[in-house]
Amino acid sequence: MALHAKELRDKSADQLREQLVDLKKEAFNLRFQQATGQLENTARMRVVKRGVARINTILNQKAAAAAGTEA
């Protein structure tokens, strides 16, 4: 499940926040699996971390755009 910035920009802020919560839960579970030696796909951690960063970036861009239009 690749997170493309173009697709994420089309979503509402609420949808992005929901997806962010899901990714953070997944990241927590992956860290737990790694700590217990059960993690099989280590590359998934990197994908999830980047997804979290990508969503945070887009949320910040949307907030900046909204602040810019109000001023």
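The model shown is predicted, which means the values in this text are computed figures rather than measured ones. (Residues numbered from 1 in each chain as written. Predicted model: local features only at pLDDT ≥ 70, side-chain atom pairs only at ≥ 80, totals over all residues. Heavy atoms only, no water.)

**Quick look at the overall build of the protein**
Reasoning step 1: Of the regular secondary structure elements, the protein holds 3 helices and 0 strands.
Reasoning step 2: Shown N-terminal to C-terminal, the secondary structure of the protein runs as helices and strands in the order α-α-α.
Reasoning step 3: Since a compact globule built from 71 residues should have a radius of gyration of about 11 Å, the 15 Å found for the protein marks it as more spread out than a globular shape.
Reasoning step 4: Its C-alpha atoms give the protein principal-axis dimensions of about 50 × 20 × 15 Å.
Reasoning step 5: Sorting the 71 residues of the protein into buried and exposed places 24% on the buried side.
Reasoning step 6: Taking contacts inside the protein between residues at least 6 apart in sequence as the whole, the part at least 24 apart equals 64%.
Reasoning step 7: As displayed, the protein has an accessible area near 5400 Å², and 52% of this comes from carbon and sulfur atoms. (Helix = DSSP H or I, 4+ residues; strand = E, 2+ residues; numbered from the N terminus. Rg over C-alpha atoms; globule rule 2.2 N^0.38 Å. Buried < 20%, exposed > 50% of the residue type's maximum accessible area, 1.4 Å probe, protein only. Contact = heavy atoms within 4.5 Å. Areas by Shrake-Rupley, 256 points an atom, 1.4 Å probe, with all protein chains shown as cover.)

**Focus: the environment of R54**
Reasoning step 1: Tracing the backbone shows R54 in helix α3 (residues 43–70).
Reasoning step 2: The contacts of R54, once residues within four sequence positions are left out, are L3, H4, A5 and L8.
Reasoning step 3: At 2.8 Å, the side chain of R54 forms a polar contact with the backbone oxygen of L3. (Polar contact = N/O pair within 3.5 Å; in protein donor to acceptor, adjacent residues only side chain to side chain.)

**Let's talk about the nonpolar core**
Reasoning step 1: If you look at the biggest cluster of nonpolar residues, it comprises 14 residues, and the most contacted ones within it are L8, L16, L23 and I55.
Reasoning step 2: Of all elements in the fold, only α2 (13–35) and α3 reach the threshold of two or more residues within this core.
Reasoning step 3: At 6 residues, the largest contribution of residues to this core is made by α3. (Core = buried A, V, L, I, M, F, W, Y, C linked by side-chain atoms within 4.5 Å.)

**So, the UniProt feature "coiled-coil region" (unreviewed entry) in the protein**
Reasoning step 1: UniProt marks residues 6–33 with the feature "coiled-coil region" (unreviewed entry), using the numbering shown here.
Reasoning step 2: Its end C-alpha atoms 31 Å apart, residues 6–33 is made of 89% helix and 0% strand. (UniProt positions renumbered as here; feature names shortened; annotations may be inferred.)

**Considerations on the pattern of salt bridges**
Where charged atoms from two side chains of opposite charge approach closely, those side chains can pair.
Reasoning step 1: On inspection of all chains with the given rule, the structure shows 2 salt bridges.
Reasoning step 2: For R17, the salt bridge goes to D14, with nearest N and O atoms at 3.1 Å. Separated by 3 residues within a single helix, R17 and D14 lie in helix α2, roughly one turn from each other.
Reasoning step 3: Residue R17 is classed as partly exposed on the basis of its relative accessible area of 45%.
Reasoning step 4: A relative accessible area of 54% means that D14 is categorised as exposed. (Salt bridge = Lys/Arg side-chain N within 4 Å of Asp/Glu carboxyl O.)

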